Amino acid sequence: MINLKGAKTLRHFSEALIPYLGLFKDNLEIIQIHASPASIDEDIALLDYAKKTIRPRKFLIHRPDELLLRPSLKKFFEEYPQEKLIFLGDLIFKDAFWNARKAHSQVFAHPFFDFTLPYKLNTKFIVGAYTNWGEMRKLEHYLELVKEISKIDKGKIFAFMIGGTLDGQPLPNLCNEIIISTNRFTPHFNVQLYHLNGEKRFGESSGSLHRGISVPVIFEANGMERIESMKVIKIDADAELREINYKKAAEQICELAQKGLEKVLEYNYRQALQNTTERFVRSII
């Protein structure tokens, strides 16, 4: 029997996997550690549980970079260095702690939960995201990118739209140019510019980039462009996110929209079909 455990903050991820667990009769527990601010107490409880059970298990680490910042979580993996680990990207092995555990770690592509294709808004391509702003994404980064795109586009082919929450609260109106959506949507260019404490983030394996088919616009997303063979736009930036080349990224977005966005979306759609939740569970087993 396959048993899946994880904090409530991983509800959507867990619910996507659960239907496929019954396909297997293996004796295995998959213990998910989120390491988000809202999951710490549940993560600690799961690790305490792991100390008391001898059942075969693997640990799926969702935010391995954040985990290292939380002594209460890191301590377990210091005390149990031979645990079998699963990661959703490989850039985290840049860190010496996880690299020392690479021999008994597995890396699998993040599964896609939704294969919805983006729609145009009044004949315009959408640049934006429906996501939780504030914790890992700065609105300022998005606004700077919009500014550079607008200089080139001048309102001709792009619409700018965002949705979700800002630090848990409804998004405020920003300017007339940016539409605030109360409904989830799939943009053509999904802007997910992750940071961790203000610096470029290497350990985030984005769930937001796996709900719908898009062209991800990122600083980094744990190597997804290689691991999942996805076409993305990476914004050049230094590690401290002090020097960010929004202008170059805006030019790439505009050029792609004018010369082949449909082909890239079709390509990303085909690649996404290779990363289903069923395939993900089979890989773990």
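Here goes a summary of the coordinates provided. (Residues numbered from 1 in each chain as written. Predicted model: local features only at pLDDT ≥ 70, side-chain atom pairs only at ≥ 80, totals over all residues. Heavy atoms only, no water.)

**Let's talk about the packing of helix 1 (residues 11-21) against helix 10 (residues 277-284)**
1) Next: Here helix 1 crosses helix 10 at 70 degrees, and the two axes come no closer than 9 Å. The angle between the axes of helix 1 and helix 10 places the two elements in the roughly perpendicular class. Within the contact between the two elements, helix 1 uses Phe13, Ala16, Leu17, Tyr20 and Leu21 and helix 10 uses Thr277, Glu278, Phe280 and Val281.
2) Next: The residue inventory of the contact of helix 1 with helix 10, partitioned by class, reads seven nonpolar, one polar and one charged. (Axes fitted to C-alpha atoms, helices over the stretch in contact; angles between N-to-C directions. Helix = DSSP H or I, 4+ residues; strand = E, 2+ residues; numbered from the N terminus. Parallel < 35°, antiparallel > 145°, perpendicular 65-115°, else oblique. Contact = heavy atoms within 4.5 Å. Nonpolar A, V, L, I, M, F, W, Y, C, P; charged D, E, K, R; others polar.)

**Thoughts on the side chain of Thr53**
1) Next: Its location among the elements puts Thr53 in the loop between helix 2 (40-52) and strand 3 (57-61).
2) Next: Only 3.2 Å separates the side chain of Thr53 from the backbone nitrogen of Arg55, close enough to count as a polar contact. (Polar contact = N/O pair within 3.5 Å; in protein donor to acceptor, adjacent residues only side chain to side chain.)

**Concerning the packing of helix 2 against helix 4 (residues 71-79)**
1) Next: Where helix 2 meets helix 4, the axes come as close as 9 Å, and the angle between the chain directions of the two elements is 25 degrees. Between helix 2 and helix 4, the angle is such that the two are roughly parallel. Taken as a pair, helix 2 and helix 4 cross one another with a handedness that is left-handed. On helix 4, the residues that touch Ile40, Asp43, Ile44, Leu47, Ala50 and Lys51 of helix 2 are Ser72, Leu73, Phe76, Phe77 and Glu79. (Left-handed = near helix turned anticlockwise from the far one by under 90°.)

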